[in-house]
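Chains, contacts and geometry: an overview
Given next are the chains, with one letter for each unit.
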Amino acid sequence: MAVPVSLVRAQSYDRSNLARSLTQVLEPLGGMTAYVKPGDRVLLKPNLLTGSRPTQECTTRPELVYAVAQQVQAAGGHPFLGDSPAFGSAYGVAKANGLLPLAQALDLPIVELHGHRYPTDNPEFDHLRLSKEAMEADVVINLPKVKSHVQLTLTLGVKNLFGCVPGKMKAWWHMEAGKDVQRFGTMLVETARLIDPELTIVDGIVGHEGNGPSGGEPRELGVLGASGNVFALDRALVAVLGVDPLTVPTVAQSLRLQACPHWDEITFPLLTPDEVRVADWQLPAELVPIDFGLPRVVQSTFKHLYIRFIKEPMAAYAGRL
């Protein structure tokens with residue numbers, strides 16, 4: 001069965017221009033109404049990552065979230081914004097990244113994701129702890145950013161769904177599965193298969209290259225991509241960037257597990273990867289180990305709790321004085 005991946009050139013985050021680009025990229029897929037029906041509760045899952053350095057283009061741009069939320073509402077859906085950042089709360093990180101005014105303008109709730117265990121079909125991971133809010137939403141729209149990554153080479157749609165793992169669990173997964181980067185990639189693929197987002201729309205207008213996910217630099221790509229199949233979209237974006245898919249653990253494992261369609265099964269109704277190919281995309285200068293030792297996990301957990309329950313509430317209280 002053919003799996004469509006829609007790619008368009010998009011040069012601007014201007015709201016009116018971006019709205020047109022979003023309509024264009026979704027049109028071959030049937031438009032937003034092909035995915036969202038009246039009354040649907042729709043989780044929008046951007047890459048929020050962190051409350052620091054938002055100007056480095058290391059998170060999904062608020063303008064894209066806004067444009068997607070508008071189309072969901074126009075289709076009769078009820079969108080809400082959700083994430084489980086490694087540090088802090090979804091609300092705090094969304095605020096730091098400029099999403100709060102746009103969310104308020106659309107009456108878009110910002111929801112903290114909470115964990116529950118779900119069985120998988122893979123004996124390597126018989127259960128995974130994932131967000132109830134994601135699993136129980138009628139529709140999940142995945143909104144990743146195109147970024148290089150010092151541990152995983154690239155982070156795209158599959159990796160973005162790791163944000164549906166409760167915040168403190170992320171560090172523990174780095175310890176449990178991180179000693180083998182391919183096993184870690186398998187865990188990410190199984191997470192994506194369980195969440196099974198109805199639609200993935202990737203922010204590649206300005207990417208983040210080099211030592212990502214936050215230590216690199218912005219890079220204009222001028223690409224907006226969408227697909228109902230997150231694995232096919234990631235495979236196409238790897239081709240756009242000119243990166244060997246077997247060097248990206250999430251893509252390599254999606255191919256091994258046959259979660260990703262064969263290349264000849266992926267169709268491009270608008271532009272092909274060759275037509276939007278990027279020259280000289282910068283990968284990390286050097287990959288670093290993905291595993292966390294126990295002291296780092298404990299430190300990470302305490303940092304998350306400090307930001308979530310002390311720093312953010314104090315900042316909010318100070319803002320009311």
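Residues numbered from 1 in each chain as written. Predicted model: local features only at pLDDT ≥ 70, side-chain atom pairs only at ≥ 80, totals over all residues. Heavy atoms only, no water.

Let us now look at the nonpolar core. Counting residues in each nonpolar core, the largest one holds 42 residues, and the members touching the most others are Leu26, Met32, Val36, Leu44, Val68, Ile141 and Ile201. Only α1 (15-26), β3 (41-46), α2 (62-74), α3 (90-96), α4 (100-105), β8 (139-143), β11 (199-209) and β12 (217-227) provide two or more residues apiece to this core. No other element matches α2, which puts seven residues into this core. Look past the residues within four positions of Leu26 in its chain and what remains in contact with it is Gly31, Met32, Gln71, Leu199, Ile201 and Ala226. Core analysis: the second largest hydrophobic core is formed by 28 residues, Cys164, Val165, Ala192 and Cys260 among them. (Core = buried A, V, L, I, M, F, W, Y, C linked by side-chain atoms within 4.5 Å. Buried < 20%, exposed > 50% of the residue type's maximum accessible area, 1.4 Å probe, protein only. Helix = DSSP H or I, 4+ residues; strand = E, 2+ residues; numbered from the N terminus. Contact = heavy atoms within 4.5 Å.)

Position of Ser131 relative to the elements: it lies in strand β7 (residues 127-131). Relative accessible area serves as the criterion here: at 0%, Ser131 is assigned to the buried category. Polar contacts involving the side chain of Ser131 include one to the main-chain amide nitrogen of Glu133, which spans 3.1 Å. Excluding residues within four positions of it along the chain, Ser131 makes contact with Leu113, His114, Tyr118 and Cys164. (Polar contact = N/O pair within 3.5 Å; in protein donor to acceptor, adjacent residues only side chain to side chain.)

With 13 residues, α2 extends 18 Å between its outermost C-alpha atoms, agreeing within 8% with the 18 Å of an ideal straight helix rising 1.5 Å per residue. Counting buried residues in α2 gives 10 out of 13 residues, a clear majority hidden from the surface. Within α2 the residues assigned to the buried category are Pro62, Glu63, Leu64, Val65, Tyr66, Ala67, Val68, Ala69, Gln71 and Val72. Downstream of α2 by one or two residues, Gly76 has phi in the positive range, about 95°. (Expected span 1.5 Å × (residues − 1).)

You can see Asp274 is positioned in the loop between β13 (266-267) and α11 (294-319). We classify Asp274 as exposed; its relative accessible area is 58%. Sequence spacing of Asp274 and Leu241 is 33 residues, and the spatial spacing of their C-alpha atoms is 9.6 Å. At 2.3 Å, the side chain of Asp274 and the side chain of Arg277 are in polar contact.

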